[in-house]
Amino acid sequence: MLASKDFEDIEEKILQGQRLSREDGIRLFKCHDLAWLGAMADHARQKKCGDIVYYNVNCHVNLTNICTSHCKFCAFGRDSNDTGAYEMTKQQALAVVADAMQDPNLAGLHVVSGLHPTWTFDHYLDILKAIHNTYPELYIKGFTGVEITHFAKISGLSVKDVLLRLRDEAGLQAIAGGGAEILSDRIRNELCPNKATATEWLQVAQTAHSLGIKSNASMLYGHIETLEERVDHLITLRELQDKTGGFQTFICFPFLPKNTELGKGIKQTSMWDDLRTMAISRLMLDNFKNIKAYWVMLTVPVAQVALGFGANDIDGTIHKETILHDAGATSPTYLTEDNIIRIIREAGRVPAACDCNFNILRKFN
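Now for a quick tour of the structure. Source: prediction; values computed, not measured.

1. Some words on the overall build of the chain
Across its full length, the chain holds 14 helices and 11 strands. For the chain, whose C-alpha radius of gyration is 20 Å, the value lies close to the compact-globule estimate of 21 Å for 365 residues. Projecting the C-alpha coordinates of the chain onto the three principal axes gives extents of approximately 60 × 45 × 40 Å. Buried positions account for 58% of the 365 residues belonging to the chain. Look at the contacts in the chain between residues 6 or more apart in sequence, and 74% of them connect residues 24 or more apart. Surface summary for the chain: the accessible area is close to 14400 Å², and the carbon and sulfur share equals 50%. Across the chain, 38 positive and 44 negative side-chain charges occur, with their mean positions spaced 2 Å apart.

2. A few points about helix H2 (residues 22–29)
Every buried residue of H2 is listed here: Asp24, Gly25, Ile26, Leu28 and Phe29. Here the buried face of H2 lies against helix H1 (8–15), helix H3 (34–49), helix H10 (227–244) and helix H11 (271–284).

3. Considering the nonpolar core
Membership of the largest hydrophobic core comes to 81 residues, with the highest contact counts inside it found for Trp201, Leu237, Phe250, Met278 and Ile314. Look past the residues within four positions of Met278 in its chain and what remains in contact with it is Cys252, Ile291, Lys292, Ala293, Leu298, Ala306, Phe309 and Ala311. Counting 36 residues, the second-largest nonpolar core is a separate cluster that includes Met88, Leu94, Ile148 and Leu166.

4. Re the packing of helix H7 (residues 159–170) against helix H9 (residues 198–210)
In a pair of packed helices, the angle between the axes and the distance between the axes together describe the arrangement. Running from N to C, H7 and H9 point in directions that differ by 55 degrees, and their axes come no closer than 10 Å. In this view, H7 runs oblique relative to H9, as classed from their interaxial angle. By crossing handedness, the relation of H7 to H9 is classed as right-handed. Contacts between H7 and H9 involve Val159, Lys160 and Leu163 from the first element and Val204, Thr207 and Ala208 from the second.

Definitions and cut-offs
Residues numbered from 1 in each chain as written. Predicted model: local features only at pLDDT ≥ 70, side-chain atom pairs only at ≥ 80, totals over all residues. Heavy atoms only, no water. Helix = DSSP H or I, 4+ residues; strand = E, 2+ residues; numbered from the N terminus. Rg over C-alpha atoms; globule rule 2.2 N^0.38 Å. Buried < 20%, exposed > 50% of the residue type's maximum accessible area, 1.4 Å probe, protein only. Contact = heavy atoms within 4.5 Å. Areas by Shrake-Rupley, 256 points an atom, 1.4 Å probe, with all protein chains shown as cover. Lys, Arg positive; Asp, Glu negative; His and termini not counted. Charge placed at Lys NZ, Arg CZ, Asp CG, Glu CD. Core = buried A, V, L, I, M, F, W, Y, C linked by side-chain atoms within 4.5 Å. Axes fitted to C-alpha atoms, helices over the stretch in contact; angles between N-to-C directions. Parallel < 35°, antiparallel > 145°, perpendicular 65-115°, else oblique. Left-handed = near helix turned anticlockwise from the far one by under 90°.

Structural data, given as structure tokens:
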């Protein structure tokens, strides 16, 4: 046994592949033995998915930062008359992709946006159509559950019909994992009351999965949530995954407080908390194959260490990231593929370039 006597029962569950309870999760967040947590998460990772670490050669396309949500944790959103507000035309969006196409290995796009007060769903759809028609070889992972909910409300369509039009007319292959924040009405009413509720976010995921559209899931932590609410969030995702199996990867997002309304009295999470949360996420989400160490928010060194704390996905090259750098992210705005391969290999793992559905495109033994 590696654990102290206080955690021997949990260790036994992990080694036997048994599901951890809510009470187990809460106890793990009170554990101060970070090395043991990492060892347990690494064991679970190895058993679940082996030594491959996935990454994308991708480009982020953020169509507009003009947004009606005014979330207290967001540094990206603007009103239309604010300094720095922008809205891409179809031609500007295509130009972003054309610039990224200078990388011969570019495989896909990550398209997310603000909830623009005057854009129609057809406006968003037309831009995505133009991108897909111009670059049909690129996979498209697009929009979050929050955006899909918004599109349904402004169009009068059902969530199902919105998803079908995005898939069938604009080539959408998967949904981004953002917007989940913490799936708690208390948290959302305080921090982001003007966007999709927890129930709505989950309904989008469930509907997408029923249509064969895979999605990601995430958790934004380190703000006003309790540790119990972190565990409840993980269990809520786990329960939906039991029903649908449609979540592909889980992303831990530490809250970046700089330039946000909420951040005036909140300090950024520590590396200790980031690694602890990563490890516990792997242990609680026993039905998720992939756990992402998102280097943009964690920084590259912490993301690399997180590969020993349960993570097997390090996101991608990104090309140009703006949303999180507005909130003070100190990581680069992009990484070269060679850099990502080196980071993964230094951790003793096998790099594998994949598409948005985790189909391996190239593997480097």
